[in-house]
Amino acid sequence: MNNVILIGRLTRDPELRFLPVNGTPVSTFSIAVDKQLPKEKKQEMEAKGQPTADFINIVVWGKQAENCANYLAKGRLVAIQGRLQSRSYEAKDGTRRYVTEVVAERVQFLEWGDNKNSDFNDDNSDFPGIEGFHNVDDDDIPF
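What you see is a predicted model; the values in this text were computed from it and never measured.

Attention shifts here to the overall build of the protein. Looking only at helices and strands, the protein has 2 helices and 6 strands in total. In the protein, the order of α-helices and β-strands from amino to carboxyl end is β-β-β-α-β-α-β-β. Counting only residues that meet the buried cut, the protein has 29% of its 143 residues in that class. Per element, the accessible surface of the protein, about 10,100 Å² overall, is 49% carbon and sulfur.

What follows is the structure, encoded as structure tokens:
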């Protein structure tokens, strides 16, 4: 079984291309997935300049590729479900290059819009971190 589920932040804006043969859209980007290290180990690695996240290349096809290019941006949080793929190609200089990437079958946008100005980061909310939830006074309820 080849099934991958990842949650991470985009490290760059998605790049959208269309296949010359049939015009099929394909979007590529990478995400940083936190390694979930203990606090002490994470601080130690950061002090040494070592990465505390894995950087994963993502490939998305079809309409979903267009949606990713239109609505995702560097820094946004996404969930990816797909399969791991290894492939090789010949570079312009004639050398053989090997690539491992996730071919996304499903991309879930976990953040929307400008989070600096939304209720998403409202520390007074009973549901911090969940977009759209904010405290309501009883006077605001119409019944």
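We now examine the pairing of strand 6 (residues 96-109). Strand direction decides the pairing type here: strand 4 (residues 53-61) and strand 6, joined by 3 bridges, are parallel. In the sheet register, V60 faces strand 6, and the bridge partner there is A104. Relative to strand 6, strand 5 (residues 77-90) runs antiparallel, the two being bridged by 13 bridges. From the neighbouring strand, Q85 faces strand 6, where its bridge partner is E101.

Before going further, it helps to spend a moment on the pattern of salt bridges. One pass over the structure, following the stated rule, counts 7 salt bridges. Linking R9 and E111 is a salt bridge whose minimum nitrogen-to-oxygen distance equals 3.1 Å. Of this pair, R9 sits in strand 1 (residues 4-10) while E111 is found in the segment after strand 6, placing the two residues 102 residues apart along the sequence. For R9, a relative accessible area of 37% puts it in the partly exposed group. E111 sits in the buried class, given a relative accessible area of 7%. Between D54 and K35 there is a salt bridge; the shortest N-O distance is 3.9 Å. One end of the pair, D54, is in strand 4; the other, K35, is in the loop between strand 3 (25-34) and helix 1 (39-47), with 19 residues separating them in the sequence.

A few words on the side chain of T52. Its place among the elements puts T52 in the loop between helix 1 and strand 4. Each residue touching T52, except ones within four places of it in the same chain, is listed here: D34, K35, L37, K42, M45 and E46.

With that settled, the discussion passes to the nonpolar core. By size, the foremost hydrophobic cluster in this structure holds 17 residues, and its most contacted members are F29, I31, I58, V60, L72, I80 and V107. Elements with a contribution of two residues or more to this core: strand 1, strand 3, strand 4, helix 2 (63-71), strand 5 and strand 6. Among the elements that line this core, the one with the most residues is strand 6, at 4 residues.

Cut-offs used in this document
- Residues numbered from 1 in each chain as written.
- Predicted model: local features only at pLDDT ≥ 70, side-chain atom pairs only at ≥ 80, totals over all residues.
- Heavy atoms only, no water.
- Helix = DSSP H or I, 4+ residues; strand = E, 2+ residues; numbered from the N terminus.
- Buried < 20%, exposed > 50% of the residue type's maximum accessible area, 1.4 Å probe, protein only.
- Areas by Shrake-Rupley, 256 points an atom, 1.4 Å probe, with all protein chains shown as cover.
- Pairing = 2+ DSSP bridges.
- Salt bridge = Lys/Arg side-chain N within 4 Å of Asp/Glu carboxyl O.
- Contact = heavy atoms within 4.5 Å.
- Core = buried A, V, L, I, M, F, W, Y, C linked by side-chain atoms within 4.5 Å.

The values reported here are purely geometric and, on their own, carry no functional implication.
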